[in-house]
Amino acid sequence: MAKKQYAVIGMGRFGSSVANALSGMGFDVLAIDADEQRTQEMSNVVTHAVSADSTDEEALRALGIRNFDVVVVAIGEDIQSSILTTLILKDMGVPVLIVKAQNELHGKVLQKIGADKVIYPERDMGLRVAHHLTSPNILDYIELSEDYSILEMRASEQMIGKNLLELNIRARFGCNVMAIRSGNSMNISPYAEDRIENGDVLIIVGHKDHLTKMELAYPK
Ligand code: ATP
């Protein structure tokens, strides 16, 4: 199977980090920015770095952007450019279009005009940090929808030595333990009898309110 081809538009902190990471994983990456200095800085990192205005349809066409499997639009501040770029790329038939949103309203517009995935890096990172601050056991927090999330939580002192039946998380909080990570091994269909060991990490899915209730019940 041919390697996937990625294009990233906007070499701000977020876009350049995505481009850098994809390149590090061995993928071909085309980095685009209107600012020549920014593309210059990326030229040693990615396969191709080009300066172009992504609101210029002809310029995008000349770059063959339609042939890329995934295009990431990482223009934040200039919302108008972000929307226009998304619209043009969607019209061109880019297979997967991922766009960074600056705020909820921007995100809604992007969704309406056909972005396949809208991401909110600042908001999501803020959420994660907040959850980690309220309880150091919370390692990660991923929003699935407005109401539901996934929580990655280090086993609290009160959980160690107990099995899932004894913890009774589903009945007490209405959340589901989807998986338990023990060191390098991952138990992806835990049984009621599975015991929680020191250092285990629980991956739990549930309503936001229920997850918060559970977090508060296991402060350390
Ligand atoms: P970050 O927080 O990730 O640094 P940001 O949200 O502040 O980014 P901006 O700095 O607004 O995002 O934009 C990121 C990059 O997008 C900038 O380098 C800018 O030059 C580039 N950019 C903005 N508009 C266009 C455009 N029309 N075509 C190509 N690049 C653009």
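Provided above is the structure to which this section pertains.
Predicted, not measured: the structure shown is a model, and the values here were computed from it. (Residues numbered from 1 in each chain as written. Predicted model: local features only at pLDDT ≥ 70, side-chain atom pairs only at ≥ 80, totals over all residues. Heavy atoms only, no water.)

**Student:** Any chance you could explain the site of the ligand here in plain terms?
**Tutor:** Arg 13, Phe 14, Asp 33, Arg 38 and Asp 53 are the nearest of the 21 residues found near the ligand. Within the side chain of Asp 33, an N or O atom sits 2.6 Å from an oxygen atom of the ligand. With the chains in place, 86% of the 630 Å² that the ligand exposes on its own is no longer accessible. For the shell around the ligand, a count of residues per class yields six nonpolar, seven polar and eight charged. (Near = heavy atom within 4 Å. Polar contact = N/O pair within 3.5 Å; in protein donor to acceptor, adjacent residues only side chain to side chain. Areas by Shrake-Rupley, 256 points an atom, 1.4 Å probe, with all protein chains shown as cover. Nonpolar A, V, L, I, M, F, W, Y, C, P; charged D, E, K, R; others polar.)

**Student:** Looking at this structure, how should I read the sheet that holds strand S8 (residues 148–154)?
**Tutor:** Strand pairing in a sheet is mediated by backbone hydrogen bonds. Such pairs are either parallel or antiparallel. Across the sheet, which stays open at both edges, the five strands sit in the order S7-S8-S11-S9-S10 with antiparallel pairing between neighbours. Each edge of the sheet is formed by a strand with only one pairing partner; in this case those strands are strand S7 (138–143) and strand S10 (185–187). For this sheet, the mean inter-axis angle between neighbouring strands, taken without regard to orientation, is 20 degrees. Two strands pair when backbone bridges link them, and S7 and S8 are joined in this way by five bridges, in the antiparallel orientation. Among the inter-strand pairings, Glu 143 is bridged to a residue of S8, identified as Ser 149. Its contacts with the sheet put helix H9 (residues 208–217) on S7, S8 and strand S11 (201–207), and the angle it makes with S11 is roughly 140 degrees. (Pairing = 2+ DSSP bridges. Helix = DSSP H or I, 4+ residues; strand = E, 2+ residues; numbered from the N terminus. Axes fitted to C-alpha atoms, helices over the stretch in contact; angles between N-to-C directions. Contact = heavy atoms within 4.5 Å.)

**Student:** I would appreciate a short explanation of helix H4 (residues 79–92) in the present structure.
**Tutor:** Side chains three or four residues apart in an α-helix point the same way, a direct result of the helix having 3.6 residues per turn. Taking 1.5 Å of rise per residue, 14 residues should cover 20 Å, and H4 covers 20 Å from first to last C-alpha, within 8% of that figure. Considered for burial, the residues of H4 that qualify are Ser 81, Ser 82, Thr 85, Thr 86, Ile 88, Leu 89 and Met 92. The buried residues of H4 occupy an angular sector of 165 degrees when the element is viewed end-on, so they sit on one face. Residues of H4 that are exposed and angled more than 90 degrees away from the buried face: Gln 80 and Asp 91. Following H4 by one or two positions, Gly 93 adopts a phi angle in the positive range, close to 90 degrees. (Expected span 1.5 Å × (residues − 1). Buried < 20%, exposed > 50% of the residue type's maximum accessible area, 1.4 Å probe, protein only. Arc of directions from axis to C-beta.)

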